[in-house]
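Fold and contact review
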Amino acid sequence: MTQQAEKRGVDALTRDEVEIYLAGSCNTADDAAEIFGLDEDQVAAIMSECGHERCEGCGWWCEDGEIDIVDDEYICADCLDP
Ligand SMILES: [Zn+2]
């Protein structure tokens, strides 16, 4: 398999592992990228596809429903209303 093909298709198992590693934690996309051999864009895409965004305030990965966009940044409910 070429590098290019691998880049396009992240297998389902890896997607699950990335989601489990990041969801409900404050691990960074950078950490996940290194552990799972991906790049940050791929990690961000996986998390966005499975409904998680990272709070720019506290770094916590939240579900879409728990996070608001303020000034083009994702901010979680805890950071909005401390
Ligand atoms: Zn937050």
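First, a word on scope: everything that follows refers to the structure included in this document. (Residues numbered from 1 in each chain as written. Predicted model: local features only at pLDDT ≥ 70, side-chain atom pairs only at ≥ 80, totals over all residues.)

**What to know about the overall build of the protein**
Put simply, the rule reads: Secondary structure counts use DSSP, requiring at least four H or I residues in a row for a helix and at least two E residues in a row for a strand, with both numbered from the N terminus. With C-beta atoms placed from the backbone, a residue counts as buried when 20 or more other C-beta atoms lie within 10 Å of its own, as exposed when 12 or fewer do, and as partly exposed for counts between those limits. Contacts here follow a simple rule: the backbone-placed C-beta atoms of the two residues must lie within 7 Å.
Counting its secondary structure elements, the protein contains five helices and four strands. The C-alpha extent of the protein, read off along each of the three principal axes, is 50 × 20 × 20 Å. For the protein, buried positions account for 21% of its 82 residues. For the protein, the proportion of contacts with a sequence separation of at least 24, taken over those separated by at least 6, is 29%.

**Side note on the environment of Y74**
Among the secondary structure elements, Y74 is positioned in strand β4 (residues 73-76). With residues near it in sequence (within four places) discarded, Y74 still touches E53, R54, C55, E56, I67 and I69.

**Looking at the packing of helix α3 (residues 29-36) against helix α4 (residues 40-49)**
Test applied: Lines fitted to C-alpha atoms define the axes here, with helix axes fitted over just the stretch in contact, and angles between the N-to-C directions of these axes take values from 0 to 180 degrees. What sets the label is the angle itself: under 35 degrees gives roughly parallel, over 145 gives roughly antiparallel, 65 to 115 gives roughly perpendicular, and the rest give oblique. Side-chain classes are defined by residue name, with Ala, Val, Leu, Ile, Met, Phe, Trp, Tyr, Cys and Pro counting as nonpolar, Asp, Glu, Lys and Arg as charged, and the others, Gly among them, as polar.
Direction vectors running N to C along α3 and α4 enclose 105°, while the axes themselves pass 8 Å from each other. Classified by the angle their axes make, α3 and α4 are roughly perpendicular. Mapping the contact onto sequence places A29, D30, A32 and A33 in α3 and E40, V43 and A44 in α4. Residue composition of the contact of α3 with α4, by class: five nonpolar, no polar and two charged.

**Details of the pairing of strand β3 (residues 67-70)**
Test applied: Pairing between two strands is assigned when DSSP locates at least 2 bridges connecting them.
Both β3 and β4 contribute to a ladder of four bridges, which runs antiparallel. Following the sheet pairing, I69 is matched in β4 by Y74. A loop of two residues connects β3 with β4, the two strands running antiparallel in sequence, and D71 in this loop sits at a positive phi of about 50°.

**A few points about the environment of D78**
Checked against the element boundaries, D78 lands in helix α5 (residues 77-80). Look at D78 and you get partly exposed, because 13 C-beta atoms sit within 10 Å. Along the sequence, D78 and C55 sit 23 residues apart, while their C-alpha atoms lie 9.6 Å from each other.

**Let's talk about the packing of helix α2 (residues 12-22) against α4**
Between two packed helices, the angle of one axis relative to the other and the distance separating the axes together describe the packing. At their nearest, the axes of α2 and α4 sit 10 Å apart, and the two run at 85° to each other. Judged by the angle between their axes, α2 and α4 are roughly perpendicular. Residues R15, V18, E19 and L22 of α2 form the contact with α4, whose participating residues are V43, I46 and M47. Across the contact of α2 with α4, the residue classes tally to five nonpolar, no polar and two charged.

On their own, these measurements won't tell you what the molecule is for.
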